[in-house]
Each structure stands twice: as structure tokens, then as C-alpha cells.
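What follows is each chain in one-letter form.
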Amino acid sequence: MTKRSTSTHKDGNRHTFSQNGTQSDPTGKLQDEDDRKVGLGKKVTLLRGISIIIGTIIGAGIFISPKGILKHSGSIGMSLIVWIACGVLSLFGALSYAELGTCIKKSGGHYTYIMEAFGPQMAFIRLWADLIAIRPAGMAVISLAFGQYILEPLFMPCHIPPVAVKLATAIGITSIMYLNSMSVTWTARIQIFLTFSKLLAIAFIIVPGLYQLFKGETRNFENAFELNNVQLSGMPLAFYSGMYAYAGWFYLNFVTEEVENPERTVPLAICISMGIVTSCYVLTNVAYYTVMSPEELLASDAVAVTFAEKLMGNFSVAVPVFVALSCYGSMNGCLFALSRMFYVASREGQLPEVLSMIHVRRNTPLAAVLILYPMTMLQLFVGDIYSLLNFMSFLRWLFIGLVVLGLIYLRYTKPDLPRPFKVPLFIPVIFCLTCFFMVFLSLYSDPVNTGIGFVISLTGIPAYYIFIYFDHKPKWLQRASDSFNRTLQIILEVVPTEQ
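Each residue is numbered by its place in its chain's sequence as written, counting from 1. Local features in this predicted model are restricted to residues of pLDDT 70 or higher, and side-chain atom pairs are both shown and tallied only at a pLDDT of 80 or more, whereas totals for entire chains, interfaces and linings draw on every residue. Hydrogens are left out, water is left out, and the side-chain values use all remaining heavy atoms of the structure.

**Describing helix 1 (residues 46-57)**
Residues lying three or four places apart along an α-helix face the same way, a consequence of the helix completing one turn every 3.6 residues. Put simply, DSSP H or I for four residues or longer makes a helix, DSSP E for two residues or longer makes a strand, and each gets a number counted from the N terminus. One less than the residue count of a helix, multiplied by 1.5 Å, gives the span that helix is expected to have. Look at helix 1: 17 Å from first C-alpha to last across twelve residues, which is about the 16 Å you get at 1.5 Å a residue. Across the twelve residues of helix 1, ten count as buried, placing the element largely inside the fold. Only protein chains enter the accessibility calculation, which uses a 1.4 Å probe. A residue is then buried if its area is under 20% of the maximum for its type, exposed if over 50%, and partly exposed in between.

**Overview of the layout of surface pockets**
Using a grid of 1 Å spacing that covers the protein atoms alone, one calls a set of points a cavity when a 1.4 Å probe fits there but cannot get out, and a pocket when the set is open and has protein on both sides within 12 Å along at least five of seven lines; lining residues are those with an atom within 4 Å of a point. Grid points are joined across faces, edges and corners, and a volume is the space filled by probe spheres set on the points. The space that makes up the second largest pocket amounts to roughly 860 Å³. Lining the second largest pocket we find 31 residues, and of these Q350, L351, P352, S481 and F484 sit closest to its centre. Only helix 6 (120-155), helix 14 (366-370), helix 15 (372-382), helix 19 (460-469) and helix 20 (475-492) provide two or more residues apiece to the lining of the second largest pocket. In terms of residues, the lining of the second largest pocket owes the most to one element, helix 20, which gives nine residues.

**Looking at empty space enclosed by the protein**
Using the criterion set out here, one finds two cavities of 30 Å³ or more in the structure. There is about 70 Å³ of room inside the largest cavity. Around the largest cavity, the lining residues are F63, A201, F204, I205, F307, A308, M312, F315, V319 and F322. Mapped by element, the contributors of at least two residues to the lining of the largest cavity are helix 8 (184-214), helix 12 (303-312) and helix 13 (318-347). Each residue gets one of three labels, nonpolar for Ala, Val, Leu, Ile, Met, Phe, Trp, Tyr, Cys and Pro, charged for Asp, Glu, Lys and Arg, and polar for the others, Gly among them. Each residue belonging to the lining of the largest cavity can be placed in one class, and the counts come to ten nonpolar, no polar and no charged. In this structure, the second largest cavity encloses a volume near 50 Å³.

**Thoughts on the packing of aromatic side chains**
Here is the rule: rings of Phe, Tyr and Trp (six-membered ring for Trp) pair when centre to centre is within 6.5 Å. Planes less than 30 degrees apart are stacked, more than 60 are edge-to-face, and the remainder are tilted. The final tally for this structure, using the stated rule, is 19 aromatic pairs. Chaining the aromatic ring pairs together yields one cluster made of Y97, Y113, W249, F250, Y251, F254 and F431. Any Lys NZ or Arg CZ found within 6 Å of a ring centre and within 35 degrees of that ring's normal is scored as a charge over the ring. Over the ring of W186 we find R189; its NZ or CZ atom is 5.0 Å from the centre of that ring. Across the ring face of F336, the terminal group of R340 is positioned such that the distance to the ring centre comes to 4.2 Å.

**What to know about the side chain of S326**
Mapped onto the elements of the fold, S326 is located in helix 13. S326 gets classed as buried once you look at its relative accessible area, which sits at 0%. There is a polar contact of 3.2 Å between the side chain of S326 and the backbone oxygen of I58. Throughout, a contact is declared for two residues whenever any of their heavy atoms are within 4.5 Å. Those residues in contact with S326 that sit more than four places away from it in its chain are I58, G59, A60, F63 and K198. Any N or O atom pair separated by 3.5 Å or less is treated as a polar contact, with the protein-specific requirement of one donor-capable and one acceptor-capable atom, and with residues adjacent in sequence counted only for side-chain atom pairs.

**Considerations on the pattern of salt bridges**
Definition used for salt bridges: Asp or Glu carboxyl oxygen within 4 Å of a side-chain nitrogen of Lys or Arg. The full count for this structure, using the stated rule, is eleven salt bridges. In this structure, E99 engages R419 in a salt bridge whose closest nitrogen and oxygen atoms are separated by 3.4 Å. Of this pair, E99 sits in helix 4 (residues 76-103) while R419 is found in the loop between helix 16 (385-413) and helix 17 (426-445), placing the two residues 320 residues apart along the sequence. No difference in accessibility class separates E99 from R419, as the two residues are buried. We note a salt bridge from R347 to E257, for which the minimum N-O separation is 2.7 Å. Taken as a pair, R347 in helix 13 and E257 in the loop between helix 9 (235-246) and helix 10 (262-291) lie far apart in primary sequence, 90 residues in all. Overall, the relative accessible area of 35% leaves R347 in the partly exposed class. A single salt-bridge network, built from bridges that share partners, covers E99, R411 and R419.

**As for the environment of P496**
Structurally, P496 can be placed in strand 6 (residues 494-496). With 143 residues separating them along the chain, P496 and E353 place their C-alpha atoms 8.9 Å apart. Excluding its chain neighbours within four sequence positions, the residues that come into contact with P496 are M357 and Q489.

**Overview of helix 6**
Along its 36 residues, helix 6 runs 50 Å from first to last C-alpha, staying within 8% of the 52 Å computed at 1.5 Å per residue. Approximately 55° is the largest bend angle found in helix 6, and it occurs at D130. Here the bend at a residue is taken as the angle between two axes, fitted respectively to the seven residues that end there and the seven that start there.

**So, a nonpolar patch on the surface**
Note on patches: the residues involved have over 30% relative accessible area and no salt bridge, like charges join within 9 Å, and the nonpolar side chains Val, Leu, Ile, Met, Phe, Trp and Tyr join within 5 Å. Only the protein chains shown count as cover for residues, with accessible areas throughout obtained via the Shrake-Rupley method and a probe of 1.4 Å. On the surface, V163, L167, L378, F381 and V382 cluster together into a nonpolar patch covering about 500 Å² of accessible area. Looking at the nonpolar patch, the elements that each hand over two or more residues are helix 7 (162-182) and helix 15. For the nonpolar patch, the leading source of residues is helix 15, giving three residues. When you line up the elements, F381 lands in helix 15. We classify F381 as partly exposed; its relative accessible area is 42%.

This is how it looks when you write it as C-alpha cells:
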């Protein structure tokens, strides 16, 4: 516990000082001795914004299994068209979010926009599904990929023991939590470094691949648009895989309040990032097809490793390290953004109050960062993570579609809302229809898992009425809640933010 001393100034007011260099004024607000407010500063510049978006979109997928799109599209040419089309559709979604981010200048992403358009109950259902299942499972999956690939060079060519993978994963998750707890600035700096690392890894694939192409290695492209294997029934699944590979363009909207000049930075960061990612994805696939036939690509479990073994020999050992760094960047960007959603939800009164408090010295939302840690570790060691992700994949597109529908709805219900950045109406309409089509596709292709995910999300309705809606809670529950907040506030050394 922090010791405090009290002194009386000549103005007659009593001021309280703590050993850690903060003082509280008569209103109870805390600030540093050099008069800096305790709160989240505007530390996300354009470069950091771009690194958050690119760093979270590009995970392990482009290095491991772009074969889902090839399998369902049926030909090399059609698969490249799907990659480009998914990039354009994702850009449409990102531009819609850019408009929302510039007219609703609050952090929190999906949660905040659903709250503004459709009210607190719908926002809480989204938050509930995120907190108990979607986010811990998603974090555990990308972390497992990190654990697998960081150990790959050490165990080659032997099989890696599952326990070793889980221990490496646990260390990776813990280090990400520690980094985000300690410093916003260093979290952003490391995210920039990791983003450049993954772009360098992609360059190691694109440059040799295009060199082979310009040398005349074009035999795999000769019948690129052969339609014998193309089945229209498979195209929606190809688009589903592609849209999943581009997911992550919305994460900058989770930290809007920390972005410098959001009216300019948010749209610019989104457009630059989507241009870079789409170019990287298409050129990487061209490089793969230059070196590997469609049959070889479909037979490979880790496409980038197979590519490197064919072209680079012993240098292929470095590829798993690059993949691991890429996964680490995704983990870091996701946690940085998601902690802000829990921070905003607490500020709105839908999560315990302590989650909207800031560390007195480090100015990080410590409690909001740590909330995912126990659930992620629990799912890592005891849960069937991949089946849980199957339950939840359709919920992602349902709520993203709902957010963009909210943008269209706000155009008519709040026409006078300031919109520094405004997209043509056809962009959110096309993207919204795409999202709801993918939701329908999930219901059609996997009704059991989709139904389970739907039921899990519906448990948020009774939770909302029990924990949020009813004002007259039992006194014992109120006392327990107050005690929980007070105890965690003391342990974590966090305080309410200065307004």
C-alpha cells in the first residue's frame, strides 16, 4: 500500500502527497508533481497508427496457409482475383470505420459504435461475447502459432513436444502483457519494429519470387484462368478465407482518443495500411506460384517454409523466426487495442470501475490490460480453442456488419453530426451486405457451431439485466463490488483519469 502524508498550504486547502510523486488536490484528483495529468496521452502518431493496423492484420496466415483461397477458387488466376477483391472489400470496411472514427472520437471500436447507434444492451452483448470467449480464444490461437514457430529452429527436423509449445506460448503472452502494462510509448515503438520485421520477411519472399518471374519462370501462370476446376459454390468460402486474412483493419479505432489529430491520422493510416497489405498479399502469392505449382502449394503445411527450402536452402531456418515475430506483433497490437475497449466499457459502467483507472506513474490502463490474461491462459491449457473460434467466426462478421449498418443508420438519425471524413453511401452498403452474406454462409455451411456461438452470445442478455440494468442490486453484491474495486486499486496503484 502507498504511504501518504498530508500538508496544509497557505490557501487553507489540504493536499495529500504519496511516495510515488503524485499529489491529490482537494477534489481528490491525482496528478504528478510536475502538473502532468494522470491519463492516456495522445501518443499514437501516423507511423504508429500504420504499424498497429499492419501489425495486427499480417499474422501467421500469409506465411502458412494461403491454400484455403486456392482450394476453393480452383485456379491461380481466380485466387489472385479473390485476394485483390478481398483487399478492396476490406478497404470499404476500413473507410466506413474511418468515418465513424472521425465523427465519434471515443476509443473502443465496435463496442463504442454499437453503443452510439443501437444502445447499451446491444453493445453489452458484443462486449460479453468478446470478454468470455472471442478475444481470449483469438489471443490464444495467435500465441500458439508464436510458440510453435519460435521453437521450430531449435527442434528441426524433430517434432516439437506440445508441452514445450504451450510453455513458450505462455511466456510470449506474459511478456506481451508486461510490455503493455509498463509503457504506452515502448509498446508503440516495439510495434513499429515488429511491423518492419514482418514487412522484411515478406520482402524476402516477394523479391526472390519476382526475380524468378522476370527470369521467365512463368509455367504456373500459363493456364492461370483455366475454369475446369472453378466451382461457383466454392467462391463464397474463398472470400470467407480472404476476408479472415485481412481482418484487423479496425484496430486503430479502438484507440481513437490516443491518436494525434484523429480527423487526419485515422483515414490516412487506414488507406496507407490497406494499400500496403493488399500489395504485399497479392505479390507474396505471385511469388509462391512462381516457385510452386498449385499441387505443391496445396500439399504444404507451411507455404513460406516450403518456398524458402526450394529457393534459399539453409536460409529457410530463418523463416520460422520471422513468422514468430509476425505473430508476436499481432499479439502486441491486439492487446494494445483491446485493452482500450475494456477501458471504455468500464467508463460506460458496463465493467468494474477499476478497469477505467490508470497507473499513477506509467499512465497505462493496467487493469484493462490484465483482464484478458487469466482467461487466455485458461483457454491455452484447458480449452478447445479452435472449436471455440469456429463458434465465434460468424459473430465477428455479424457485429462488424452491425457497426457499418449503424453508420448508415446514423446518417439518417443524426444528419447534423460533424463528419470531417465522409465516404460515399455505396461503400458501407456494399460492405454491410458482404458481412451479412458471410453470416448467412456460416449458418448454411456449419449450422451446429454457428448455433453454439449464437447461444454463447445470447447469454449476454441475462448478464446485462443482472449486472447492469437493475438499479436495486443486493447490498452484499454492492459491498463485494466496492471491495473488489478498492482492493485492486490499491494492489495495482491505479487511479481515475484526470478529465
